[in-house]
Amino acid sequence: MAIDRWLLEQHQSGKHPSTLRFYTWSPSAISLGYHQRQYPEYWQNLTWQGQKLDLVRRPTGGRAVLHQGDLTYAVITSGITGNRLQVYEKICEFLIQGWRSLGVELDYGTEGRGYIHNPNCFGTATSADLILPDSTKLIGSAQLRRSGTILQHGSMRLQPNAELFAQVFGAESFTTVQLPQNLSIENIIADLVTAASDCFDVQIELEPLSPSEWEEILVYQP
C-alpha cells in the first residue's frame, strides 16, 4: 500500500509516469478501506500457514479484502475525464479485454443494499466491480482521485482458500471461483499487460523500483 501511495504522489508531482503494477501478498493480509473503522477485533490475531495475517489500511475506500490466493493490480495515471463510474469503466476495460483473451467473460456488478453494512468487499458487487457469468465477483476495485491524478487498484480472486475465508468472514460468505484450469499468474499478467497497451494506446516498459526509490517508500510507510 505504501508503494501505491508513493506512486500516486510521484505521478501527481510529475516525477513518475503512469504506472501499471501487479503484485501478490506475503504474508497473507486483510486490507481495510480508508474509511472503514469497524471490523472484528479478532482480525488482529489471525494466522495462516504459521504466519500472522497482516492488517493494513488502503489509501482507497471500500470494504475489507482478504489477500490470499489473489493477484492485485494498480493503475496510477491522469488525464482521464468523466465521473467516478466513467473513470472506472475506462480503466476496467483492460481487465475485461485481458480476461476475455484468457477465455473469461466479465461484466459489471450491481450494488446490493447491504453493501455499506457488509465488512467483506467480495460479499457484494458494485457497479465498479467485475463479475463472472454466474454472478460471482472476480475483481473488486477501489479508487482514489487527487487533482486529476488517479489511483485505482483491485484484487482478482484466483485461488481463495475456503477455510481461511471462513475464519475471516464466515463460511456462508464464501463462493467458489470458476476459472479455466492451468491459468498461471504469469500468463494472466502477460495478457493483462497486452490488453492495457491496446486499451490505453501506450507502450509499456518494465521498470523495477530502484534502491533509492525503495528507500523513499520505506520512509513513506505509516
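All figures in this text were calculated on a predicted structure; none of them were measured in a lab.

(A) Examining the confidence of the model for the protein chain more closely. Per-residue pLDDT for the protein chain has a mean of 89; in total, 91% of the residues score no lower than 70. Under a pLDDT of 50 for its full length, residues 113-123 has, in the predicted model, 31 contacts with residues more than four places off or in other chains.

(B) Expanded view of helix α4 (residues 185-200). Here α4 is 16 residues long and its end C-alpha atoms lie 22 Å apart, about the 22 Å a rise of 1.5 Å per residue gives. Buried residues in α4 make contact with β1 (19-23), β7 (70-78), α2 (84-101) and β11 (149-157). Note on α4: the residue one or two positions beyond its end, D201, has a positive phi of about 55°.

(C) Fine view of the nonpolar core. Formed by 28 residues in total, the largest nonpolar core has its most connected members in F94, L95, W99, I139 and M156. Elements with a minimum of two residues in this core: β7, α2, β10 (137-146), β11 and α4. Grouped together as the second largest cluster of nonpolar side chains are 14 residues, M1, I3, A74 and I76 included.

(D) Quick peek at the side chain of K137. With respect to the element layout, K137 can be found in strand β10. The class of K137 is buried, set by a relative accessible area of 4%. At a separation of 3.0 Å, a polar atom in the side chain of K137 contacts the side chain of D129.

What counts as what
Residues numbered from 1 in each chain as written. Predicted model: local features only at pLDDT ≥ 70, side-chain atom pairs only at ≥ 80, totals over all residues. Heavy atoms only, no water. pLDDT = per-residue confidence, 0-100. Contact = heavy atoms within 4.5 Å. Helix = DSSP H or I, 4+ residues; strand = E, 2+ residues; numbered from the N terminus. Expected span 1.5 Å × (residues − 1). Core = buried A, V, L, I, M, F, W, Y, C linked by side-chain atoms within 4.5 Å. Buried < 20%, exposed > 50% of the residue type's maximum accessible area, 1.4 Å probe, protein only. Polar contact = N/O pair within 3.5 Å; in protein donor to acceptor, adjacent residues only side chain to side chain.

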